[in-house]
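Reading the structure
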Amino acid sequence: MSEWEIHDEIDWRILSKDGKNVLTRWCIVHYTNDRPTKTMIAIGINPSGKTLSSQDNTEPDSVSMTARRLRSFADKANCDRIVLFNIFPIATDSVSSLAKEINERERKEGCDSICEENVCKIDSIMNQLALESSNTKVLLCYGRGIRKHVKLEMCRNKILSILSSRELPMYYLDLTSDNIPRHPNSCKKDSEFKRCYYKNEELKFGETKSE
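Residues numbered from 1 in each chain as written. Predicted model: local features only at pLDDT ≥ 70, side-chain atom pairs only at ≥ 80, totals over all residues. Heavy atoms only, no water.

**Observations concerning the confidence of the model for the protein chain**
Note: predicted coordinates in regions of low pLDDT should not be interpreted at a detailed level. Across the protein chain, the average pLDDT comes to 88, with 90% of residues at or above 70. For the protein chain, the element scoring lowest by mean pLDDT is strand β10 (residues 202–209), at 75; strand β5 (residues 39–44) scores highest, at 98. When the criterion is pLDDT under 50, residues 54–58 qualifies, and its contacts beyond four places in sequence or with other chains add up to three contacts. (pLDDT = per-residue confidence, 0-100. Helix = DSSP H or I, 4+ residues; strand = E, 2+ residues; numbered from the N terminus. Contact = heavy atoms within 4.5 Å.)

As structure tokens, this is what we get:
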């Protein structure tokens, strides 16, 4: 397996006052090569509030089980960089508490502005990283968390519209019984990349194996 590292961009996150936890994360990048030739964009549901922001220089980067699984699938796809975006950029301790967080923010400030800011950040970051269809593939892996709140599907569709406009090929690994791209942690280790398409505000799934 490749030697992966985390490339932190401080502009793409907001930390807690003690600097140990991520409150908001628009993007995190994992890479094996500082001059990557092929990138996998992963679309998750939202960042974990337990994500460590940084490590002591003598300690290795701490990564979640989800990140380790994504690295494994990226290796399988011959990608040397993972760019992880989330449908909702606000961190929570668990996906189960996501709906409560959205409802609270709806009462205070509304979620539409958070969604719009997230979409703008994603578009800007993709420009900075020069992500092109010739060397980039998108993995949808947000799981059943998408059903936690009606706003999440709205946010997802705006992100998928950006990806479609850039003609980036989209994939999934496995589907749930209700046709939702599975979270990496619930996918089989030998799952293959399969094509999906976003057209006319509808996500359709196919069985074409990736190159």
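**Here we look at the packing of aromatic side chains**
This structure, assessed with the given rule, holds two aromatic pairs. A centroid spacing of 6.1 Å and a plane angle of 75° characterise the contact between Tyr 171 and Phe 193, whose relative ring orientation is edge-to-face. One end of the pair, Tyr 171, is in strand β8 (residues 170–172); the other, Phe 193, is in the loop between β8 and β9 (194–199), and 22 residues separate them in sequence. Directly above the ring of Phe 193 sits Lys 137, whose terminal nitrogen or CZ lies 4.9 Å from the centroid. Here the guanidinium or amino end of Arg 195 rests over the ring plane of Tyr 171, the centre of that ring lying 5.3 Å away. (Phe/Tyr/Trp six-rings, centres within 6.5 Å; stacked < 30°, edge-to-face > 60°. Lys NZ or Arg CZ within 6 Å of the ring centre and 35° of its normal.)

**Here's the deal with the pattern of salt bridges**
Overall, the coordinates contain nine salt bridges when judged by the stated rule. Where Arg 105 meets Glu 101, a salt bridge forms, and the shortest distance between an N and an O atom there is 2.6 Å. Residue Arg 105 and its partner Glu 101 are both found in helix α2 (residues 98–108); the two are separated by four residues, about one turn of the helix. The partner of Lys 158 in a salt bridge is Glu 116, and the shortest N-O contact between them spans 2.3 Å. Placement of Lys 158 in helix α4 (residues 150–165) and of Glu 116 in helix α3 (residues 112–128) is noted, with a sequence separation of 42 residues between them. The exposure class assigned to Lys 158 is partly exposed, which follows from its relative accessible area of 30%. Look at Glu 116 and you get partly exposed, because its relative accessible area is 35%. (Salt bridge = Lys/Arg side-chain N within 4 Å of Asp/Glu carboxyl O. Buried < 20%, exposed > 50% of the residue type's maximum accessible area, 1.4 Å probe, protein only.)

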